[in-house]
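Results of the structural survey
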Amino acid sequence: MLDTFLISFRLKNTYRVNSIIYMFKQIPIIRRVLPMSLYKNQSLKIFVTILNTIWEIISVFLVKIIYFAIMLIIPLNFMNVFNFRAMLQLLFFLSLGGAFFNTGMFDPSKDKYYAVILMKMDGREFVLSQYLYTLFRHYVGYMTAFMILSFILQYPFWLSYILPLFIIGLKLIAVSVYLKDFKRNRKARSENNNSPAIIGFSIGCLLVGYALIFSNLIIPIKMMLIVLIILSILAVILMSYVLKYDDYHQLSHKLLKNIDSLLNTDTQDIINDSYHKMITLEADTKSNKTGFEYFNELFMQRHKKILWKTAKRQTYMIAFIIVVIIGILFYDVETQKDANNAMTSILPFFVFIMYLLNTAKNITQAMFVNCDHSMLTYSFYRIPKNILILFKIRLREIVKINLLPAIVLALGYMAILFICGGIDQAFLAFISFISIISMSIFFSTHYLILYYLLQPYNAHTEVKSPIYSTIISLTYIICYAFTKLELPILSFGIVCILFCIGYCVIACILVLKWAGNTFKIRN
C-alpha cells in the first residue's frame, strides 16, 4: 500500500508540473522564452516536487487554521461567546454536516482516473492509501488548530490530541454509511454531485449550530464529552470496517464512470446540454430592435432563466433578512443606538457582500457557451468598433440583472439608517444608497472587461488563462480585506462612487483599443 501511495504521489506531481508549465506558456511574454522541451526537464520536475512537498506540508496546518478562524473564532467573537463550550458545540454541528458533505473518499478526481482506469492500479490499495492519508492530514491539521486554541481558551492541552478523533469518527461514520449503501444497491455517490438531501442536511447542521449559539443555548459540557467519547470509540470500530471493505475496486470504476466519459467526449456538448435545458426557445420570439441590439435581445430572452434566476433568489433572501432586522430594531428600541453606530462605519463591508452577490462571472460564461463560442469564428464579430458596441449593450444588461438585489439591499441599508438615526442621517443614507449601487456596477463591469480583455475559455469552455484566474483570486482577497475596514460613510461612499465612474470609462477605452486582439477562442 505504501508503494501505491508513492506512485500516486509521483503521478499527481507529474501532472501538476505539466499544468504549471502549460500555465506559464499561456502568458504572452513568457511563452516565447519557454521551449517545449521544458516538459521533460528533470531538474525542473525535482524543483517543483520539492515545492509541492513543502506546500503539501504547509497546507495541512494552514487550511485548518483558516477554517477555525472563519467558521469558529470570528463568529463566536462576533456573538461574544468565544469560550470552550461554545466552540466545542459549534464544531460538532459543523463537523457533522461536513462529514456527510465531504468525506474525502468519493471524489472522482483526475489523479484517481489516471491511476485506477488508465494505469490499472489496484482500486482497493489506491483508495485506502489516499483515504488514510486524508485522515492523517485531518488529524494533524485539527490537532495543530486545537493546540493554538488551547492557549487562547485555556483548556487542557492534552485535549488537542483527543478532540480530532471525534471529527475523524464522524467522517468514518459517513464513509461507512456510504460504503454499506454501495454494497446494497451498487450506486456510487459522487462528492461533485451531492444529493439535495445531503446538501439540505449539511446546511441544516450549519444553521442549527449557529442558531443555538446565537440563542445562547449551550449543551452541558458533560453531555458533549460523552458524545465525543462515543464517537472516538466508534471511530476505532469503523476503521476496522473501512480497512476490511472488499468492494473498493468496483466502487472506483463506478465512481469514475462519469469522469471517463467526460475526458473522452466533447466537453462543449456536455455543457451545452446542461444549458439547453434552461434555454427558453419560443418560435414567436420577436424584437423591434436592429443590429447588435436585436442580437442581444434574442439572447436575453432565450436565456432569461439562466440570467435572472440567481438574482431573483438573492433579492428574496435579502428582503427577508432586512425585514427581520427592521422587526428586531422596532421590537428592541435600545439596540437602535448601537446599530446606528455600526451602520455608519461598516459600509466597506458591503464591498465583500456585493462581490458575493454579483453574477456577472456566471453570465459571461453563459455568453461564451451559448453565443460567443460560435460567433467568434466570424471576423466581423471581432472588429473593435463592433466589440465596443456589444460590450456596452451587454454591460447595460448585466448591470440591470445585478441591480435587482443591489437596489433592495441599498434601500434596506437606507431604511435601517433612518430608523436608527432619524432624518439627520438623510444625506448619509443617500450616499450609502448610491455607493452600494456603484459597487454593483463596478463588479458587473469588472467581470465583463476581464472576459473581453483576457477571454479565458478554450474551445472546450475550460479556463486556460492563468492571468484571469490570478486576477479573480486577487479580487476575492481584496474584497475580503474590506471586511476589516471601518470608515465613515461620507468619505468612503464618495471615493467608491468616483472610482466606479472612472473604472467604467477606462473599461470602455481598453475594450476599444485591445479587445480586438484578445477577444478570441484560446487554443
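Keep in mind that what you see is a predicted model, and the values were worked out from it rather than measured.

Attention now moves to the overall build of the protein chain. Summing up its helical and strand segments, the protein chain has 21 helices and 0 strands in all. Among the 523 residues that make up the protein chain, the fraction classed as buried is 46%. Looking at the protein chain alone, contacts between residues at least 24 apart form 83% of all its contacts between residues at least 6 apart. Put simply, the protein chain shows about 27,600 Å² of open surface, and 69% of that area lies on carbon and sulfur atoms.

Backbone geometry at Gln-154 places phi at a positive 60°, although glycine is not the residue there. The topology assignment puts Gln-154 in the loop between helix H6 (123-153) and helix H7 (159-185). Of note in this structure, Gln-455 is not a glycine but carries a positive phi near 25°.

Per the counting criterion, the structure on display carries 31 aromatic pairs. Judged by centre distance (6.1 Å) and plane angle (85°), the rings of Phe-100 and Tyr-178 are edge-to-face. Residue Phe-100 is located in helix H4 (residues 84-101), and its partner Tyr-178 is located in helix H7; the two are separated by 78 residues in the primary sequence. Summarising the burial analysis for this pair, Phe-100 and Tyr-178 share the class buried. Aromatic pair Phe-391 and Tyr-452: ring centres 5.4 Å apart, planes at 90°, arrangement edge-to-face. Of this pair, Phe-391 sits in helix H18 (residues 384-421) while Tyr-452 sits in helix H19 (residues 426-454), placing them 61 residues apart in sequence.

So, on to empty space enclosed by the protein. Throughout the structure, instances matching the rule amount to 1 cavity of 30 Å³ or more. In this structure, the largest cavity spans a volume of roughly 80 Å³. Every residue lining the largest cavity is counted, 10 residues in all, and those nearest its centre are Phe-5, Phe-9, Lys-12, Gln-130 and Tyr-133. Of all the elements in the fold, those that place two or more residues in the lining of the largest cavity are helix H1 (2-25), helix H3 (42-78) and H6. If you tally residues by element for the lining of the largest cavity, the top one is H1, at 5 residues.

Once that is clear, we can look at the packing of helix H16 (residues 349-357) against helix H20 (residues 466-481). In contact at an axis separation of 8 Å, H16 and H20 are set at 145° when each is read in the N-to-C sense. For the pair H16 and H20, the contacting residues are Val-351, Phe-352 and Tyr-355 in the first and Ile-472, Thr-475, Tyr-476, Cys-479 and Tyr-480 in the second.

Counted under the stated rule, the structure contains 5 salt bridges. One salt bridge in this structure joins Asp-246 and Lys-183, with 3.0 Å as the shortest N-O distance. Residue Asp-246 is found in the loop between helix H9 (221-244) and helix H10 (248-255), and its partner Lys-183 is found in helix H7; the two are separated by 63 residues along the sequence. When the shortest N-O distance is used, the salt bridge between Glu-293 and Arg-396 registers 3.0 Å. Here Glu-293 is found in helix H13 (residues 291-302), whereas its partner Arg-396 is found in helix H18, with 103 residues between them in sequence.

By volume, the largest pocket is sized at about 3,000 Å³. Lining the largest pocket we find 47 residues, and of these Phe-78, Ile-321, Ile-325, Phe-349 and Ile-353 sit closest to its centre. Only H3, helix H8 (196-214), helix H14 (304-331), helix H15 (335-343), H16, H18 and H20 provide two or more residues apiece to the lining of the largest pocket. Counting residues per element, the lining of the largest pocket draws most heavily on H14, at 9 residues.

This brings us to the environment of Tyr-451. Residue placement: Tyr-451 occurs in helix H19. Residues Tyr-451 and Phe-368, spaced 83 residues apart in sequence, show a C-alpha to C-alpha distance of 9.2 Å. Setting aside chain neighbours within four positions, we find Tyr-451 in contact with Thr-364, Met-367, Phe-368, Asp-372, Arg-394, Pro-456, Tyr-457 and Phe-519.

Together, Ile-46, Phe-47, Ile-50, Leu-51, Ile-54, Trp-55, Ile-58, Leu-62, Ile-66, Ile-70 and Ile-74 line one region of the surface with nonpolar side chains, adding up to about 1,000 Å² of accessible area. As for its placement among the helices and strands, Ile-54 is situated in helix H3.

So, on to the state of the cysteines. Inspection of every chain in the model, using the stated rule, returns 0 disulfides. Not engaged in a disulfide, the cysteine Cys-496 finds its nearest cysteine sulfur in Cys-500; these two sulfurs lie 6.9 Å apart.

Tracing the sequence through the fold places Ser-202 in helix H8. If we skip the residues at most four places from it in the chain, Ser-202 touches Gly-97 and Phe-101.

For any part of a model where pLDDT is low, the fine detail of the predicted coordinates should not be relied upon. For the protein chain, mean pLDDT is 79; residues scoring 70 or higher make up 85% of the total. Confidence over residues 260-275 falls short of pLDDT 50; this stretch has 25 contacts with residues more than four positions distant or in other chains.

What follows covers the side chain of Ser-440. With respect to the element layout, Ser-440 can be found in helix H19. If we ignore the near neighbours within four places in the chain, the residues touching Ser-440 are Met-354, Asn-358, Asn-402, Leu-403 and Ala-406.

Rules used throughout
- As a convention, each chain's residues are numbered from 1 in the sequence order in which they are written.
- For this predicted model, a pLDDT threshold of at least 70 governs which residues receive local features, and a threshold of 80 or more governs which side-chain atom pairs are given and counted, while totals over whole chains, interfaces and linings are taken from all residues.
- The basis for every side-chain value is the complete set of non-hydrogen atoms in the structure, without hydrogens or water.
- Helical segments are the DSSP runs of H or I of at least four residues, strand segments are the runs of E of at least two, and each set is numbered from the N terminus.
- Exposed residues in this analysis have more than 50% of their type's maximum accessible area, buried residues have under 20%, and partly exposed residues fall in between, with area computed by a 1.4 Å probe over protein chains only.
- Two residues qualify as a contact provided that any one of their heavy atoms is within 4.5 Å of a heavy atom in the partner residue.
- Only the protein chains shown count as covering a residue, and every accessible area follows the Shrake-Rupley method with a 1.4 Å probe.
- For Phe, Tyr and Trp, rings pair up if their centres lie within 6.5 Å, where Trp contributes its six-membered ring, and each pair is then called stacked (planes under 30 degrees apart), edge-to-face (over 60) or tilted (otherwise).
- The way it works is a 1 Å grid over only the protein atoms, where trapped points that fit a 1.4 Å probe form a cavity and open points with protein on both sides within 12 Å along at least five of seven lines form a pocket, and then any residue with an atom within 4 Å of a point lines it.
- Grid points are joined across faces, edges and corners, and a volume is the space filled by probe spheres set on the points.
- Interaxial angle, 0 to 180 degrees, is taken between N-to-C directions of lines fitted to C-alpha atoms, where a helix line uses only the stretch in contact.
- Any Lys or Arg side-chain nitrogen located within 4 Å of an Asp or Glu carboxyl oxygen qualifies as a salt bridge.
- The patches described consist of residues with a relative accessible area above 30% and no salt bridge, like charges being joined within 9 Å and nonpolar side chains (Val, Leu, Ile, Met, Phe, Trp, Tyr) within 5 Å.
- Cysteine sulfur atoms that come within 2.5 Å of each other are treated as a disulfide pair.
- Every residue is assigned a pLDDT by the predictor, reflecting its confidence on a scale from 0 to 100.

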